[in-house]
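What the coordinates show
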Amino acid sequence: MSSSTTVRTARRRALRVAAAALTAAAALGLTACSGSDATGAQPAGHPAAAESGGAGPAAAAQGSASRADSGTKGDAKAAVAGKRSDGSHDATTAAASPARTQTLPDGSKAEIHRLGAQHYRAEIVSRGAVLATLETQGADAGLDANDMFVVLTLDGRVHSWTGGGHQGPGTFKVAGGWTVKVSKLGELHYRADIIGNEGSVDGTLETKGHDAGGVANGVHMVLSSRGVLSAHA
């Protein structure tokens, strides 16, 4: 074989080696592209290492922030609930949690809340609706609810009965042997003088736009703003 033939053969071999190298490089490039595109659709059981490594810490941090927020909100709610559960300084909470419930003669219920020393509120509730409210503020409270009479005392007791009403003005003999004189002072404004055995005025009920109630030696009395008086032992 001549020297020129040897040179041409060597060049052909070099070109074939170069072509093979280019083919291998192209195959590697295709494989790399396929791996990058596949992050959105991984074969089952083969999670993408890049996605898991890149998004994992961020997701973990976000999860931690969420848990931290949740804990903070929970603590804040607990703190508020704690404050509101103390009836001694939060009358609104006392209203939300009645001290006790008492059934009245007409089937409604009185929800009785303690708001402070000698300070109570009774809500008359029927079918989930509050129909009327009584509140003691330095004195007993009374209510005429369609001929059902209710007295809420300074110590938070409720006494109720039906009937026995006397329409004032006038003087009436009532339960317990009391004589009560009802006088009209103005529109929705009446006064009831509770008169003792010797003719002295031992107590007074007065309406000023709302009903009034009280207790005289164990006898409960209500004077309505319409001038109706009822007493019950």
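Here is what the cut-offs are and how they apply
Residues numbered from 1 in each chain as written. Predicted model: local features only at pLDDT ≥ 70, side-chain atom pairs only at ≥ 80, totals over all residues. Heavy atoms only, no water. Pairing = 2+ DSSP bridges. Helix = DSSP H or I, 4+ residues; strand = E, 2+ residues; numbered from the N terminus. Axes fitted to C-alpha atoms, helices over the stretch in contact; angles between N-to-C directions. Phe/Tyr/Trp six-rings, centres within 6.5 Å; stacked < 30°, edge-to-face > 60°. Buried < 20%, exposed > 50% of the residue type's maximum accessible area, 1.4 Å probe, protein only. Contact = heavy atoms within 4.5 Å.

So, on to the sheet that holds strand β5 (residues 141-145). Strand order in the open sheet formed by three strands is β5-β6-β7, with antiparallel pairing between adjacent strands. Single-partner strands in this sheet number two, and they are β5 and β7 (158-162). Neighbour-to-neighbour, the strand axes of this sheet turn through a mean angle of 15 degrees, independent of strand direction.

Further remarks concern the packing of aromatic side chains. The way to describe two aromatic rings as a pair is by their centre distance and the angle between their planes. This structure, assessed with the given rule, holds one aromatic pair. Summarising the aromatic geometry, the rings of F149 and W161 are spaced 5.8 Å apart at their centres and angled 25 degrees between planes, so their arrangement reads as stacked. Within this pair, whereas F149 is found in strand β6 (residues 148-152), its partner W161 is found in strand β7, the two being separated by 12 residues in sequence. Per residue, the accessibility class of F149 equals that of W161, and both read buried.

Another point: the environment of A110. Of note, A110 is situated in strand β2 (residues 109-116). Accessibility expressed as a relative area gives 0% for A110, which makes it buried. Spatially, the C-alpha atoms of A110 and V125 are 6.2 Å apart, while their sequence positions differ by 15 residues. Ignoring sequence-local partners within four residues, the contact set of A110 consists of R100, T101, Q102, L104, E123 and I124.

Geometric descriptors of this kind do not, in isolation, establish any biological role.
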